[in-house]
Amino acid sequence: MSLNSSALLNEENPQGPKRNTERLERLELQTPSSFQDNPLQQLQLASHEVLEKAKKSGRSKCPRCSSSRMFYCYTCFVPVETVPPKEIPTVKLPLKIDIIKHPNETDGKSTAVHAKLLAPDDVTIYKYPCIPEYQEKRHEIALIFPGPSSISVKDIAFHLQKYTKKSGCGNDDDCCKEPFLKQAKIEPKEEEKNGNECISSNRSEGTRLKKIIFIDSTWNQTNKIITDERLQGLLQIELKTRKTCFWRHQKGKPDTYLSTIEAIYYFLVDYHQEILKENYKGQYDNLLFFFSFMHTLIKNAKCCAGKV
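A few points on the structure. (Residues numbered from 1 in each chain as written. Predicted model: local features only at pLDDT ≥ 70, side-chain atom pairs only at ≥ 80, totals over all residues. Heavy atoms only, no water.)

### Details of the overall build of the protein chain
The following threshold applies: In DSSP terms, a helix is any run of H or I states spanning at least four residues, a strand is any run of E spanning at least two, and both are numbered starting from the N terminus. Using a 1.4 Å probe on the protein chains alone, a residue whose accessible area is under 20% of its type maximum counts as buried, one over 50% counts as exposed, and one in between counts as partly exposed. Contact criterion: two residues are considered in contact whenever any of their non-hydrogen atoms come within 4.5 Å of each other. Each accessible area is a Shrake-Rupley estimate made with a 1.4 Å probe; only the visible protein chains count as cover when residues are assessed.
When its secondary structure is counted, the protein chain shows eleven helices and nine strands. Expressed as a percentage of its 308 residues, the buried residues of the protein chain come to 44%. Considering only contacts in the protein chain between residues 6 or more positions apart, those separated by 24 or more positions represent 74%. Of the roughly 16,500 Å² of accessible surface on the protein chain, a fraction of 48% belongs to carbon and sulfur atoms.

### Notes on the sheet that holds strand β8 (residues 211–216)
In plain terms, the rule: Here a strand pair is declared whenever DSSP counts at least two bridges between the two strands. Fitting a line to C-alpha atoms yields each axis, with helices limited to the stretch in contact; the angle taken between N-to-C directions then spans 0 to 180 degrees.
Read from one edge of the open sheet, five strands run β6-β5-β8-β7-β9, paired in parallel fashion. Edge positions in the open sheet fall to β6 (123–127) and β9 (235–237), since each of these has one partner strand only. When the angles between neighbouring strand axes are averaged without regard to direction, this sheet yields 25°. Both strand β5 (residues 96–101) and β8 contribute to a ladder of six bridges, which runs parallel. The residue bridging D98 from the neighbouring strand is I213, located in β8.

### Concerning the packing of helix α3 (residues 49–57) against helix α11 (residues 289–304)
To keep things clear, this is the line we draw: Here roughly perpendicular refers to angles of 65 to 115 degrees, roughly parallel to angles under 35, roughly antiparallel to angles over 145, and oblique to all remaining angles. Note on convention: the crossing is left-handed when the near helix lies turned anticlockwise from the far helix by less than a right angle, right-handed when the turn is clockwise. Amino acids are sorted into nonpolar (Ala, Val, Leu, Ile, Met, Phe, Trp, Tyr, Cys and Pro), charged (Asp, Glu, Lys and Arg) and polar (every other residue, Gly among them).
Running from amino to carboxyl end, α3 crosses α11 at an angle of 50°, the nearest separation of the two axes being 11 Å. Overall, the two elements α3 and α11 adopt an arrangement that is oblique. Once α3 is placed against α11, the crossing between them reads as right-handed. For the pair formed by α3 and α11, the contact residues are V50, L51, E52 and K55 on the first element and F289, F290, F293 and L297 on the second. Here the contact of α3 with α11 is composed, by residue class, of six nonpolar, no polar and two charged.

### Examining the environment of E81
As for its placement among the helices and strands, E81 is situated in the loop between β4 (78–79) and β5. Sequence separation between E81 and P63 is 18 residues; the distance between their C-alpha atoms is 6.0 Å. Among all residues touching E81, those that are not within four sequence positions of it are S60, K61 and P63.

### A look at the nonpolar core
We count it as follows: Here, nonpolar core means buried Ala, Val, Leu, Ile, Met, Phe, Trp, Tyr and Cys residues that are tied together by side-chain atoms lying within 4.5 Å of each other. Domain start and stop positions are those given by an automatic or database domain assignment.
Counting 54 residues, the largest nonpolar core has I97, I212, F267 and L287 as its most contacted members. Per element, the largest residue contribution to this core is nine residues, and it comes from helix α10 (residues 260–274). Counting residues domain by domain, this core receives three or more from each of domain 1 (44–88) and domain 2 (89–162 + 207–307). Sequence-distant contacts of I97, defined by excluding residues within four places in its chain, comprise D122, V123, T124, I212, F214, I264 and L268. Grouped together as the second largest cluster of nonpolar side chains are 14 residues, I100, Y128, Y134 and I215 included.

### Some points on the pattern of salt bridges
Inclusion rule: Only one rule defines a salt bridge in this text: a Lys or Arg side-chain nitrogen within 4 Å of an Asp or Glu carboxyl oxygen.
Counting across every chain of the model gives eleven salt bridges. Salt-bridge contacts for D228 lead to R230; the nearest nitrogen and oxygen are separated by 2.9 Å. An identical accessibility class is assigned to D228 and R230; each is buried.

Here you go:
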């Protein structure tokens, strides 16, 4: 969904590897507020040289549909002929992502295609109303959408427990009321270590998020999708407040409404830190590869036109 946007200039680093290391260390030590104030300043991005060359060449053909496009084809989800695929970074994600695109969302204005281009093995885009049935897998799927029942990323595992299907249990709610760690206390002492390891493993597997759903539309278009019966009952997640840098920010809406690619990026950063419990070292930064380059182009164009 056109939720929010953020931009970063891809500045060259004249001080070499030492400077890169220092930048990475600062990223790890950043507080949420400092990251929010300048979210793209510390991004570890692949070189934009290929896009610079394509910009100079102008529009080019899509290798599949032959349409004239700039940088990539937003219909076929592939780079144009002047942008070799091998020079575009690919990002491996820790879970699968489904993007549900509103039929009235303009293809060429959507940032959802960025996710498909940069993480092709893990991202699928559906045009509403042609979307999958999610109910049978709701114990491992969540939907990014703010609301009264939405939870934070750090609480995902706890809340997914009530959806987890357990053998030999007639009532899912009753099964999930007893925390796994509490059950470990009834294990015999001599088996306590093995019991805890087994229970911890079961808990991790049973509450593991495998797919996340994003809605790609303007906020005014979301109601039709979010009320679809196929999305009812799914765990809803609300992202931390961050300011967008999207150049097509929706008029009259707060600057905390992110573009789709920004929402995906920020969710993954939070998921990596809060759920995977790992230090974030730029693993998903290249999801903003196209976004940051286009943001810079537009910002420079506005400066030249005296609009900034």
